[in-house]
Amino acid sequence: MNVETIYAPDLSTSYKLPVFLGRLPAGFPSPADDYIEGKLDLNRHLVKHPAATFFVRVSGDSMLEAGIHTGDILVVDRSLEAVDGNVIVAALDGELTVKRLSTRGKNIRLLPANKHYQPIDITEQQSFEIWGVVTNVIHAL
């Protein structure tokens, strides 16, 4: 999975949407104002560290089983320390990629979430840098 575009978050505006109380049936309800719990600012829920957060649009299918699809936007936090099992954005030999981090002792691997792709073993001869930890995925249904 490759990174197509990188975006910085725009926190200059606040767009708050209504949040409805209780469970929402999958039918065709008509929610009444009596059930509005408050307003929801997605920046507060998706961007924990604004100065260290960026968004990337991805392409490819190597992370399908992790729920990441072509065209999705990932919320990436550079302030978080990547640990074994995190989905990360990494620069590998000059190319940005999205994979799951696997660390075993001094061995580092980048694991795809699609059985049609092979893990990538990171060697000392490669240029490798973790750009950040993926904290959320935004995609249309």
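Everything here concerns the structure above.
What you see is a predicted model; the values in this text were computed from it and never measured. Starting from 1, residues in each chain are numbered consecutively following that chain's sequence as written. Per-residue local features of the predicted model are confined to residues with pLDDT of at least 70, and side-chain atom pairs are confined, for both listing and counting, to 80 or more; whole-chain, interface and lining totals are unaffected and use all residues. Think of the side-chain values as coming from all heavy atoms in the structure, minus any hydrogens and water.

1. Quick look at the environment of Asp72
Here is the rule we go by: Strands are runs of DSSP state E lasting at least 2 residues, helices are runs of H or I lasting at least 4, and numbering of each runs from the N terminus. Whether two residues touch is decided by their heavy atoms; if any such pair falls within 4.5 Å, the residues are in contact.
You can see Asp72 is positioned in the loop between strand 4 (53–59) and strand 5 (73–77). Residues Asp72 and His139 lie 67 residues apart in sequence; the distance between their C-alpha atoms is 4.8 Å. Sequence-distant contacts of Asp72, defined by excluding residues within four places in its chain, comprise Val56, Arg57, Val58, Gly67, Val137, Ile138 and His139.

2. Quick notes on the pattern of salt bridges
Applied cut-off: Each reported salt bridge corresponds to a side-chain nitrogen of Lys or Arg within 4 Å of a carboxyl oxygen of Asp or Glu. Throughout, exposure labels follow a simple rule: accessible area from a 1.4 Å probe, protein chains only, divided by the maximum for the residue type, with under 20% read as buried, over 50% as exposed, and the rest as partly exposed.
Under the definition given, this model contains 3 salt bridges. When the shortest N-O distance is used, the salt bridge between Arg104 and Asp84 registers 2.9 Å. Of this pair, Arg104 sits in strand 7 (residues 95–104) while Asp84 sits in the loop between strand 5 and strand 6 (87–92), placing them 20 residues apart in sequence. Under the relative-accessibility criterion, Asp84 is labelled partly exposed at 36%. Salt-bridge contacts for Arg109 lead to Asp121; the nearest nitrogen and oxygen are separated by 2.6 Å. Taken as a pair, Arg109 in strand 8 (residues 107–111) and Asp121 in strand 9 (residues 120–122) lie far apart in primary sequence, 12 residues in all.

3. Quick word on the side chain of Thr53
For clarity, the cut-off: Throughout this description, a polar contact denotes any pair of N or O atoms lying within 3.5 Å of each other; where both atoms belong to protein, one of them has to be capable of donating a hydrogen while the other can accept it, and for residues adjacent in sequence the pair is counted only when both atoms sit in side chains.
Of note, Thr53 is situated in strand 4. At 2.7 Å, the side chain of Thr53 forms a polar contact with the backbone oxygen of His49. Thr53 has contacts with Pro9, Val47, Val75, Val76 and Asp77, leaving out every residue within four places of it along the chain.

4. Quick look at the nonpolar core
Using the following cut-off: Among buried residues, those of type Ala, Val, Leu, Ile, Met, Phe, Trp, Tyr and Cys that are joined through side-chain atoms within 4.5 Å constitute a nonpolar core.
In terms of nonpolar packing, the biggest core is built from 16 residues, with Val56, Ile68, Leu74, Val89 and Val98 touching the most fellow members. For Val89, the residues in contact, after removing those within four places along its chain, are Val3, Val56, Val76, Leu96, Thr97, Val98, Glu129, Ile130, Trp131, Gly132 and Val134. Among the nonpolar cores identified, the runner-up in size contains 8 residues, and Ile88, Leu92, Ile122 and Val133 belong to it.

5. Some remarks on unusual backbone geometry
Residue Asp93 is not a glycine yet carries a positive backbone phi of 50°. By relative accessible area, Asp93 is classed as partly exposed at 45%.

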